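# Per-entry structural report
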Amino acid sequence: MSRQISTPSNQVRLTNVAVVRINRQGKRFEVACYRNKIVNYRQGLETDLSEVLQTDRVFTNVSRGQFANGADLKKAFGDDLSEEDMCRVILDKGQIQVSDLERSAALEQTIREIVDMICQKCISQKTQRPFTPHQIRQAMKDAEFRVNPTRSIKQQFLDVVKLLQEKKVVDIERAKMKLAIVIPTAQQTSVQEKLDVFDLYQMSVTHESGEHCRILFLSDPSLYRQMDQIAKEAGGQLEIAQQVVTSNGNIEVSDTNVSVAGGAASTGESMYESDALDKDIDELTEQVKSTKITSLKDGSDSEEETEALSMGNRKKQAKKAQKQSKKARRREKEETAERQARIDAEKLRQEERFEKMSRDSSDTRTEASDTAASSAETKSCNTCGGSFSATQYRAHFRSDWHRYNMKLKLT
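Predicted, not measured: the structure shown is a model, and the values here were computed from it.

Moving on, we get to the packing of helix α4 (residues 100–121) against helix α5 (residues 133–142). Where α4 contacts α5, the two axes come as close as 9 Å, and the packing angle between them is 115 degrees. Remark: the crossing between α4 and α5 carries right-handed chirality. Of the residues in α5, those in contact with Glu-108, Ile-111, Arg-112, Ile-114, Val-115, Ile-118 and Cys-119 of α4 are Pro-133, Ile-136, Arg-137 and Met-140. Taken together, the residues of the contact of α4 with α5 break down into eight nonpolar, no polar and three charged.

The structure is reproduced here in structure tokens:
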């Protein structure tokens with residue numbers, strides 16, 4: 001009895017797609033879309049619906065391939081909308097069912113943006129230099145920071161910096177901003193008093209055309225709004241001279257000591273008087289000097305021991321080289337004897353082959369001469385098939401045998 005072969009009931013179809021879902025009138029409606037196209041469509045970067053949808057049909061269950069009923073669609077969306085317009089409504093207002101790959105890609109992108117922002121806007125308290133992305137990633141992992149995909153990058157950047165400072169995973173701080181306040185000269189004293197309250201490092205004060213002065217200073221980014229308010233109250237304006245102030249030059253940082261090969265602030269002037277750094281350099285210099293003196297004293301006492309050890313080592317090396325030379329000569333003799341034996345065997349084999357070939361050629365010549373002699377003595381008749389001597393050959397052509405065969409041949 002024949003049976004119809006149908007698709008298995010447990011087969012999952014249309015699973016390699018992104019699904020957008022919406023609930024209306026107690027029914028669920030879904031559309032199947034291409035991966036990474038829904039976000040572009042909602043941002044206005046993609047307007048062609050055929051590039052977003054896998055098919056312009058509305059489903060009740062995309063994974064099972066079940067299409068929505070026409071009556072349910074009209075009840076949920078109205079009679080005026082076409083199925084393509086219904087797909088647009090679902091794309092605009094529906095909920096995106098994000099896959100694992102898309103979720104992991106979005107999470108990695110968020111982490112990368114947070115790390116880049118920290119590398120750009122934060123520096124080390126000890127060296128006044130930025131961190132590498134690998135250091136920031138490792139610090140975030142040690143601090144057990146969890147990325148929230150729903151929060152903005154700036155908010156999470158501030159959270160990471162605060163968490164790293166609280167747990168003291170790394171000596172991190174926000175890089176200073178170089179700001180300039182341009183105010184009337186009459187307001188200079190009052191503005192400087194307000195700046196002294198925040199304990200800011202003032203770099204220079206310049207007077208422009210006698211009526212205005214320009215105060216250049218370093219400030220923490222968190223004080224930007226307050227500095228702007230001070231400038232407005234004084235009838236001036238706040239300018240950003242440099243977004244991030246870091247140090248340049250070569251530096252080597254160890255666990256206990258710090259040595260500076262050379263460097264200056266990126267603005268061309270020193271930002272702070274680093275007394276701790278100078279002390280570390282002095283201590284490191286004293287350690288190097290003491291180490292050199294100790295090594296010189298110990299060296300004078302151990303010269304004799306070193307000479308004795310080197311003499312013993314030279315004797316051992318000479319004996320070892322002598323043994324190796326004897327072994328090498330013995331090995332060379334054995335290899336020469338084996339090579340000569342192979343040459344002699346090859347010569348003998350070639351001589352035997354030459355003798356055999358000469359014997360075969362002589363036998364061949366003898367057989368050829370015998371055949372030629374026998375063929376010269378006898379002659380054959382092609383019609384009758386017999387061989388005859390010279391005298392018999394003429395008589396054969398006159399015989400009845402040959403004549404009978406000729407008649408058969410002609411007829």
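Taken together, the seven bridges between strand β1 (residues 18–24) and strand β2 (residues 27–33) define a ladder with antiparallel strand orientation. The residue bridging Ala-18 from the neighbouring strand is Cys-33, located in β2. From the end of β1 to the start of β2, which pair antiparallel, there are two residues, and Gln-25 there has a positive phi angle of about 55 degrees. Taken together, the three bridges between β1 and strand β5 (residues 95–97) define a ladder with antiparallel strand orientation. Its bridge partner being in β5, Arg-21 is matched across the sheet by Gln-95.

Turning our attention to the side chain of Asn-405. Within the secondary structure, Asn-405 is located in helix α12 (residues 400–410). Overall, Asn-405 belongs to the buried group, its relative accessible area being 18%. Contacts of Asn-405, omitting those with residues within four sequence positions, involve Thr-383 and Cys-384.

Here we take up the environment of Leu-81. Relative to the assigned elements, Leu-81 resides in the loop between α2 (70–77) and α3 (83–93). Contact partners of Leu-81, with chain neighbours within four places excluded, come to Met-86 and Val-89.

The next point concerns the packing of aromatic side chains. For the structure on display, the rule yields four aromatic pairs. Considering the side-chain rings of Phe-388 and Trp-401, the 6.2 Å spacing of their centres and the 70 degrees angle between planes classify their relative orientation as edge-to-face. A residue pair is termed long-range when its members are at least 10 positions apart, and Phe-388 in strand β15 (residues 387–388) and Trp-401 in helix α12 qualify at 13 residues. We note Arg-57 situated over the ring of Phe-67; from NZ or CZ to the ring centre the distance is 4.1 Å.

Attention now goes to a positive patch on the surface. A cluster of basic residues, Lys-315, Lys-319, Lys-323, Lys-326, Lys-327, Arg-329, Arg-330, Arg-331 and Lys-333, forms a positive patch at the surface. By the element assignment, Lys-327 lies in helix α10 (residues 303–377). Lys-327 sits in the partly exposed class, given a relative accessible area of 49%.

Remark on secondary structure: sheet strands pair via backbone hydrogen bonds, oriented parallel or antiparallel. Reading across from one edge, β9-β10-β8-β11 is the order of the four strands in this open sheet, with antiparallel pairing throughout. Among the strands making up the open sheet, the edge pair consists of β9 (201–208) and β11 (237–242). Taken pair by pair, the neighbouring strands of this sheet meet at an average axis angle of 25 degrees, ignoring direction. Two elements, strand β8 (residues 177–184) and strand β10 (residues 212–219), share eight bridges in a ladder whose sense is antiparallel. When the bridges of β10 are listed, Ala-180 appears paired with Leu-216. Of the strands in this sheet, β8, β9 and β10 touch helix α7 (residues 188–197), which is tilted by about 170 degrees from β9. Against the sheet, helix α8 (residues 224–233) engages β8, β10 and β11, with an angle of about 135 degrees to β11.

A few words on the pattern of salt bridges. For the structure shown, the criterion picks out twelve salt bridges. For Lys-37, the salt bridge identified is with Glu-46, shortest N-O distance 3.6 Å. Judged by its relative accessible area of 24%, Lys-37 is partly exposed. Put simply, Arg-151 and Asp-159 hold a salt bridge, and the shortest N to O gap is 2.5 Å. Using a relative accessible area of 34% as the deciding quantity, one classes Arg-151 as partly exposed. Through salt bridges that share partners, Arg-21, Arg-28 and Glu-30 make up one connected network.

Calculation rules
Residues numbered from 1 in each chain as written. Predicted model: local features only at pLDDT ≥ 70, side-chain atom pairs only at ≥ 80, totals over all residues. Heavy atoms only, no water. Axes fitted to C-alpha atoms, helices over the stretch in contact; angles between N-to-C directions. Helix = DSSP H or I, 4+ residues; strand = E, 2+ residues; numbered from the N terminus. Left-handed = near helix turned anticlockwise from the far one by under 90°. Contact = heavy atoms within 4.5 Å. Nonpolar A, V, L, I, M, F, W, Y, C, P; charged D, E, K, R; others polar. Pairing = 2+ DSSP bridges. Buried < 20%, exposed > 50% of the residue type's maximum accessible area, 1.4 Å probe, protein only. Phe/Tyr/Trp six-rings, centres within 6.5 Å; stacked < 30°, edge-to-face > 60°. Lys NZ or Arg CZ within 6 Å of the ring centre and 35° of its normal. Patch = residues over 30% accessible without salt bridge, like charges linked within 9 Å, V, L, I, M, F, W, Y side chains within 5 Å. Areas by Shrake-Rupley, 256 points an atom, 1.4 Å probe, with all protein chains shown as cover. Salt bridge = Lys/Arg side-chain N within 4 Å of Asp/Glu carboxyl O. Lys, Arg positive; Asp, Glu negative; His and termini not counted. Charge placed at Lys NZ, Arg CZ, Asp CG, Glu CD.

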